[in-house]
Amino acid sequence: MNYYSLNKKAKSESFRNAVIKGLAPDKGLYFPESITPLPSSFWDNLDNLSNSEIAYEAIKQFVFPEIPENVLKSIVAETLSFDFPLVPLNDNISSLELFHGPTMAFKDVGARFMARCLGYFNENNTNEVTVLVATSGDTGGAVANGFLGVKGVNVVILYPSGKVSDIQEKQLTTLGQNIKALEVDGTFDDCQAMVKTAFLDTDLTSHMQLTSANSINVARWLPQLFYFIFAYKQLHNQHKNIVFSVPSGNFGNICAGMMAQQLGLPIEHFVASNNENNVVTRFLLTQLYQPKPSVQTISNAMDVGSPSNFIRIQEIYKNNFESLKENLSSYSFSDKETREALLEIYNNYNYVADPHGAVGYLGCKSYLDQNPNAHCVFLETAHPTKFLNVVEDIINEEQPLPKQIQSVMGKQKVSVKISTYEDLKGFLLN
Ligand SMILES: *Cc1c(COP(=O)(O)O)cnc(C)c1O
């Protein structure tokens, strides 16, 4: 598959080159040249397919021929070596738990898939690649874990100092080996801006092959479309009118869901659930797209003022506002509402959500108010103990730490503090 740049000024690239470059030279995000719906036999036979088989069929058109069949089969099998259970809360709402991977964040799937693709591309060559990634919380840990020990790949993670949870910080600063963490005196948007500047700095890029492991990278973004098919498989025999409420920050996850829909996934609607960083909620109301600086919330992985994947969503809908609006609703919730929702989920259903999942749950409720016959699945994007202080404070009960989390808590944080782009550049060139 070839990928074109959404800024339309750079040339199209193979999957391999799109993954290695991350962002096109004209600053555009890569987008696949075609999307061929999967045959009806695939959808009819879903109940008989394993997760790996589903994933293989769903992604192959996007990665062939650069990744051959047998390699792709093992990449998806290794990537998906954990469960994606769907937990019904009531007749109308279910939680799709995406946190059973090694760092307990849904980003594990994209990070593991991308690391394996890059590892494969690098197998026979001695050119090192540096993966540069900005994180608002969970990306860093997932990428660090996914890429740990991958030959020929160095990983540099930028995170906003004091704005990620303790557990998240431990997950991205304690691994060592080929993983380095930079603690930025600033916000996530500052981190993301530095990463973007680095990609366009020819001084740097003439010295090293830089790539990104944010959802701008097609190998991180596309595998997320699996979740929606996995959920559909578990639901379609009981429920029609399936709707997904996706707690959204950079809009990579929800955009991947829309790609699944382009592949033929028969679902009714998407809900983009936002915290107070609500540029898309406002866009759907006013038709004005006005990014603004991010504000800090208790669902910090969604504290994104200028969501990078929204441009891909616009491309899917050919920039047609009306057709986008038919398929996408968006709601925005305050921290106060999020706390109340978390408590409500706990009291009514004896289920512990994390703050991001709670925002997703609120999105379901808002949608169901208008569409009472739908079945709404909210994506539970992180394990609640990753936001331990917030969650325990709300439900007033201590939470046991899962083994994935326990294993990092005692380790020593290692990070380098930086505040400007020049600091970053100096670090990379040394
Ligand atoms: C990254 C993240 C999100 C937002 O996902 P996007 O693809 O950036 O919209 C939501 N919840 C959690 C826990 C995350 O880590």
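Note: the structure precedes this text.
Residues numbered from 1 in each chain as written. Predicted model: local features only at pLDDT ≥ 70, side-chain atom pairs only at ≥ 80, totals over all residues. Heavy atoms only, no water.

1. A word on the sheet that holds strand β9 (residues 209-212)
Part 1 of the argument: As summarised here, the arrangement of the five strands in space is β9-β6-β7-β8-β14, forming an open sheet in which the pairing is parallel. This sheet does not close on itself; its edge strands, each paired only once, are β9 and β14 (416-418). For this sheet, the mean inter-axis angle between neighbouring strands, taken without regard to orientation, is 30 degrees. (Pairing = 2+ DSSP bridges. Helix = DSSP H or I, 4+ residues; strand = E, 2+ residues; numbered from the N terminus. Axes fitted to C-alpha atoms, helices over the stretch in contact; angles between N-to-C directions.)

2. Examining the packing of helix α16 (residues 335-349) against helix α17 (residues 355-370)
Part 1 of the argument: Where α16 meets α17, the closest approach of the two axes is 8 Å, and the angle between their N-to-C directions is 85 degrees. Between α16 and α17, the angle falls in the class roughly perpendicular. Only Pro-355, Ala-358, Val-359, Tyr-361, Leu-362 and Lys-365 of α17 make contact with α16, whose side of the interface consists of Glu-337, Thr-338, Ala-341, Leu-342, Glu-344, Ile-345 and Tyr-349. (Parallel < 35°, antiparallel > 145°, perpendicular 65-115°, else oblique. Contact = heavy atoms within 4.5 Å.)

3. Points about the packing of α16 against helix α18 (residues 388-395)
Part 1 of the argument: Where α16 contacts α18, the axes come no closer than 9 Å and their chain directions differ by 65 degrees. Both α16 and α18 take part in a crossing whose hand is right-handed. Here α16 contributes Arg-339, Leu-342, Leu-343 and Tyr-346 to the contact with α18, which in turn contributes Val-390, Val-391, Asp-393, Ile-394 and Ile-395.
Part 2 of the argument: When grouped by side-chain class, the residues that make up the contact of α16 with α18 number seven nonpolar, no polar and two charged. (Left-handed = near helix turned anticlockwise from the far one by under 90°. Nonpolar A, V, L, I, M, F, W, Y, C, P; charged D, E, K, R; others polar.)

4. Details of the pairing of strand β5 (residues 93-97)
Part 1 of the argument: Within β5, five of the five residues are buried, leaving the element largely enclosed by the surrounding structure.
Part 2 of the argument: Residues Ile-93, Ser-95 and Glu-97 of β5 are buried on one face, and the alternating residues Ser-94 and Leu-96, pointing to the opposite face, are buried as well.
Part 3 of the argument: By the bridge criterion, three bridges tie strand β4 (residues 86-88) to β5 in an arrangement that is antiparallel. The partner of Val-87 across the bridge, within β5, is Ser-95.
Part 4 of the argument: Counting the residues in the hairpin turn of β4 and β5 gives four residues.
Part 5 of the argument: The pairing of β5 with strand β13 (residues 375-380) spans five bridges and is parallel. Paired with Ile-93 across the strands is Cys-376, a residue of β13. (Buried < 20%, exposed > 50% of the residue type's maximum accessible area, 1.4 Å probe, protein only.)

5. Considerations on the state of the cysteines
Part 1 of the argument: Evaluated as defined, the whole model comprises one disulfide.
Part 2 of the argument: Cys-364 shares a disulfide with Cys-376; S-S distance 2.1 Å. Taking the sign of the S-S torsion, about -75 degrees here, the bridge from Cys-364 to Cys-376 comes out left-handed. One end of the pair, Cys-364, is in helix α17; the other, Cys-376, is in strand β13, with twelve residues separating them in the sequence. (Disulfide = S-S within 2.5 Å.)

6. Looking at the pairing of strand β6 (residues 129-134)
Part 1 of the argument: Taking burial as the measure, the six residues of β6 include six buried ones, the bulk of the element.
Part 2 of the argument: Bridge count for β6 against strand β7 (residues 153-160) is six bridges, and the pairing is parallel. From the neighbouring strand, Val-131 faces β7, where its bridge partner is Val-155.
Part 3 of the argument: Crossover β6 to β7 through helix α6 (residues 138-147) is right-handed.
Part 4 of the argument: Across four bridges, the pairing between β6 and β9 is parallel. For Thr-130, the partnering residue across the bridge sits in β9 and is Leu-210. (Right-handed = clockwise from strand over helix to strand, strands pointing away.)

7. Digging into the sheet that holds strand β11 (residues 269-274)
Part 1 of the argument: If you trace the six strands from one edge of the open sheet to the other, you get β4-β5-β13-β10-β11-β12, paired in mixed fashion. On the outer flanks of this sheet lie β4 and β12 (328-332), each paired with one strand and no other. Taking each pair of neighbouring strands and ignoring which way they run, the sheet shows an average axis angle of 25 degrees.
Part 2 of the argument: The sheet contact formed by strand β10 (residues 242-247) and β13 spans four bridges and is parallel. In the sheet register, Ile-242 faces β13, and the bridge partner there is His-375.

8. What about the nonpolar core?
Part 1 of the argument: Core analysis: the biggest nonpolar cluster contains 104 residues, and Phe-15, Phe-147, Leu-225, Phe-226 and Phe-244 have the highest contact counts within it.
Part 2 of the argument: Per-element tally for this core: the top contributor is helix α11 (residues 225-235), with nine residues.
Part 3 of the argument: When residues no more than four places from it in sequence are discounted, the contact partners of Phe-226 are Ala-55, Ala-58, Ile-59, Val-76, Leu-80 and Val-109.
Part 4 of the argument: Residues Met-302, Ala-353, Ala-382 and Val-391 belong to the second largest nonpolar core, which totals 30 residues. (Core = buried A, V, L, I, M, F, W, Y, C linked by side-chain atoms within 4.5 Å.)

9. Observations concerning the site of the ligand
Part 1 of the argument: The local shell around the ligand holds 15 residues, among which Lys-107, Gly-249, Asn-250, Phe-251 and Thr-381 are the closest.
Part 2 of the argument: Note that an oxygen atom of the ligand is positioned 3.2 Å from one of the backbone N or O atoms of Gly-252.
Part 3 of the argument: Protein contact buries 98% of the 380 Å² of open area that the ligand shows by itself.
Part 4 of the argument: Counting atoms within 2 Å of the grid points, the majority share of the ligand lands in the largest cavity. (Near = heavy atom within 4 Å. Polar contact = N/O pair within 3.5 Å; in protein donor to acceptor, adjacent residues only side chain to side chain. Areas by Shrake-Rupley, 256 points an atom, 1.4 Å probe, with all protein chains shown as cover. 1 Å grid on protein atoms, 1.4 Å probe; cavity = no way out; pocket = protein on both sides within 12 Å on 5 of 7 lines; lining within 4 Å. Sits in = over half its atoms within 2 Å of the grid points.)

10. Quick word on the pattern of salt bridges
Part 1 of the argument: Per the counting criterion, the structure on display carries 14 salt bridges.
Part 2 of the argument: Of the charged contacts, one joins Lys-11 and Glu-13 as a salt bridge, the two residues approaching to 3.2 Å between their closest N and O atoms.
Part 3 of the argument: For Lys-60, the salt bridge goes to Glu-57, with nearest N and O atoms at 3.0 Å. Residue Lys-60 and its partner Glu-57 are located together in helix α3 (residues 51-63), separated by three residues, close to a single helical turn.
Part 4 of the argument: For Lys-60, a relative accessible area of 26% corresponds to the partly exposed category.
Part 5 of the argument: The class of Glu-57 is partly exposed, set by a relative accessible area of 27%.
Part 6 of the argument: By sharing partners, the salt bridges in this structure join Lys-11, Glu-13 and Lys-21 into a single network. (Salt bridge = Lys/Arg side-chain N within 4 Å of Asp/Glu carboxyl O.)

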